[in-house]
Amino acid sequence: GAVVSQHPSRVICKSGTSVKIECRSLDFQATTMFWYRQFPKQSLMLMATSNEGSKATYEQGVEKDKFLINHASLTLSTLTVTSAHPEDSSFYICSARDGGTRTDTQYFGPGTRLTVL
Amino acid sequence: KQEVTQIPAALSVPEGENLVLNCSFTDSAIYNLQWFRQDPGKGLTSLLLIQSSQREQTSGRLNASLDKSSGRSTLYIAASQPGDSATYLCAVPFYGGSQGNLIFGKGTKLSVKP
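Residues numbered from 1 in each chain as written. Chains lettered and ligands numbered in written order. Predicted model: local features only at pLDDT ≥ 70, side-chain atom pairs only at ≥ 80, totals over all residues. Heavy atoms only, no water.

A. Structural view of the overall build of chain A. Summing up its helical and strand segments, chain A has 0 helices and 11 strands in all. Going from the N terminus to the C terminus, chain A shows its helices and strands as β-β-β-β-β-β-β-β-β-β-β. For 117 residues, the compact-globule formula gives about 13 Å, and the C-alpha radius of gyration of chain A, at 13 Å, lands near that figure. Considering only C-alpha atoms, chain A reaches an extent of 40 × 25 × 20 Å along its principal axes. Buried residues in chain A amount to 50% of all 117 residues. Long-range pairs, those at least 24 residues apart, make up 54% of the contacts in chain A between residues at least 6 apart in sequence. Counting only carbon and sulfur atoms, one obtains 50% of the accessible surface of chain A, whose full area is about 5800 Å². For chain A, the centre of its 12 positive side-chain charges and the centre of its 10 negative side-chain charges are spaced 5 Å apart. (Helix = DSSP H or I, 4+ residues; strand = E, 2+ residues; numbered from the N terminus. Rg over C-alpha atoms; globule rule 2.2 N^0.38 Å. Buried < 20%, exposed > 50% of the residue type's maximum accessible area, 1.4 Å probe, protein only. Contact = heavy atoms within 4.5 Å. Areas by Shrake-Rupley, 256 points an atom, 1.4 Å probe, with all protein chains shown as cover. Lys, Arg positive; Asp, Glu negative; His and termini not counted. Charge placed at Lys NZ, Arg CZ, Asp CG, Glu CD.)

B. Expanded view of the interface of chain B and chain A. Listed as interface residues are 20 residues of chain B and, on the opposing side, 22 residues of chain A. Run the count over chain B and chain A and you get 0 salt bridges. Inspection of the chain B/chain A interface yields 2 residue pairs in polar contact (both at pLDDT 80 or more). Breaking the side of chain B that touches chain A down by element, the ones donating at least two residues are β4 (32-38), β5 (44-51) and β10 (101-104) of chain B. If you tally residues by element for the side of chain B that touches chain A, the top one is β4(B), at 4 residues. Here the side of chain B that touches chain A is built from residues that sort into 8 nonpolar, 10 polar and 2 charged. (Salt bridge = Lys/Arg side-chain N within 4 Å of Asp/Glu carboxyl O. Polar contact = N/O pair within 3.5 Å; in protein donor to acceptor, adjacent residues only side chain to side chain. Nonpolar A, V, L, I, M, F, W, Y, C, P; charged D, E, K, R; others polar.)

C. Just the state of the cysteines, in detail. Counted under the stated rule, the structure contains 2 disulfides over all chains. Between the sulfur atoms of A:C23 and its disulfide mate A:C94 the distance is 2.0 Å. Measuring handedness by torsion sign, the sulfur bridge of A:C23 and A:C94 sits at about 80 degrees and is right-handed. Residue A:C23 is located in strand β3 (residues 19-25), and its partner A:C94 is located in strand β9 (residues 90-98); the two are separated by 71 residues in the primary sequence. When sorted by exposure, A:C23 lands in the same class as A:C94, which is buried. Each sulfur of the disulfide joining B:C23 and B:C90 lies 2.0 Å from the other. Disulfide B:C23-B:C90: torsion about the S-S bond near 75 degrees, hence right-handed. Separated by 67 residues along the polypeptide, B:C23 in strand β3 (residues 19-25) and B:C90 in strand β9 (residues 86-94) bring together distant segments of the chain. Side by side, B:C23 and B:C90 carry an identical accessibility label, which is buried. (Disulfide = S-S within 2.5 Å.)

D. Examining the nonpolar core more closely. In this structure, A:W35, A:F67, A:L79, A:Y92 and A:L114 are the most contacted members of the largest nonpolar core, which totals 24 residues. If you list the elements that add at least two residues to this core, you get β2 (10-13), β3, β4 (30-38), β5 (45-51), β7 (67-73), β8 (76-81), β9 and β11 (112-116) of chain A. Excluding anything up to four places from it in sequence, A:L114 contacts A:V11, A:C13, A:V19, A:V81, A:D88, A:S89, A:S90 and A:Y92. Among the nonpolar cores identified, the runner-up in size contains 23 residues, and B:L19, B:F25, B:L75 and B:V112 belong to it. (Core = buried A, V, L, I, M, F, W, Y, C linked by side-chain atoms within 4.5 Å.)

E. Focus on the sheet that holds strand β7 (residues 62-67) of chain B. Residues and elements named next belong to chain B. Taken in spatial order, the 5 strands of this open sheet run β1-β3-β8-β7-β6, and their pairing is antiparallel. Here the strands that pair on one side only, and so sit at the sheet edges, are β1 (4-7) and β6 (56-59). Strand-to-strand, the axes of this sheet are offset by a mean angle of 15 degrees, without reference to chain direction. One ladder, built from 4 bridges, connects β6 with β7; its direction is antiparallel. Along β7, the bridge assignment pairs S59 with L62. (Pairing = 2+ DSSP bridges. Axes fitted to C-alpha atoms, helices over the stretch in contact; angles between N-to-C directions.)

F. Representation of the packing of aromatic side chains. In the structure shown here, the tally under the stated rule is 8 aromatic pairs over all chains. With a centroid separation of 5.7 Å and an interplanar angle of 40 degrees, the aromatic rings of A:Y36 and A:F108 are classed as tilted. One end of the pair, A:Y36, is in strand β4; the other, A:F108, is in strand β10 (residues 106-108), and 72 residues separate them in sequence. Take A:Y36 and A:F108: they sit in the same class, and that class is buried. Within the aromatic cluster, the residues linked to one another by ring pairs are A:F34, A:Y36, A:F108, B:F36 and B:F104. (Phe/Tyr/Trp six-rings, centres within 6.5 Å; stacked < 30°, edge-to-face > 60°.)

Any link to function would need more than the numbers given here.
Structural data, given as structure tokens:
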């Protein structure tokens, strides 16, 4: 089955630093990737949608200059949290849609736990 | 605006019981509905995907039903096991102005006690 990986799985950083999270589709080409954020006891909330080779589309309330998304290839998307602050501490999950099928199934990565001190 | 609600928020049952998790959505014009499982601190595992033309899907001890007209879906878990303990999320895709991003409910946290 389709597999999506995320790296790192867990990161702890100091306030003010930038953190990059990678999302990779391992055995399929992902024309579209999604980035979600989940705060404790809350549902997943979509942050942005990225298409390979084009700018990401951000959801309302998500700062595009703070959460930089790059979808440089059909198998890799990165989310960079710039100048991270404690309120950015959250669980970040990516998902990818298989561009080679007509299904609407999204395949999810295992998530990245970000803790900003 | 599509909203997804899951009831109950938490559920604790003894091992072996059959149980039902509920999901409701406000806009019945959906293409499909998915049920996911999330273990603590982990990502999502897709359990079942029901297309809008289908009424139910089965996988092992899991059975998901879909009633678009009433805006409801149920996830039935037969003969529950401690390993079923997790948070179960349902989600529907939203196509208004986007490309099928999912809208999630808050989930039902299931605890199955040995």
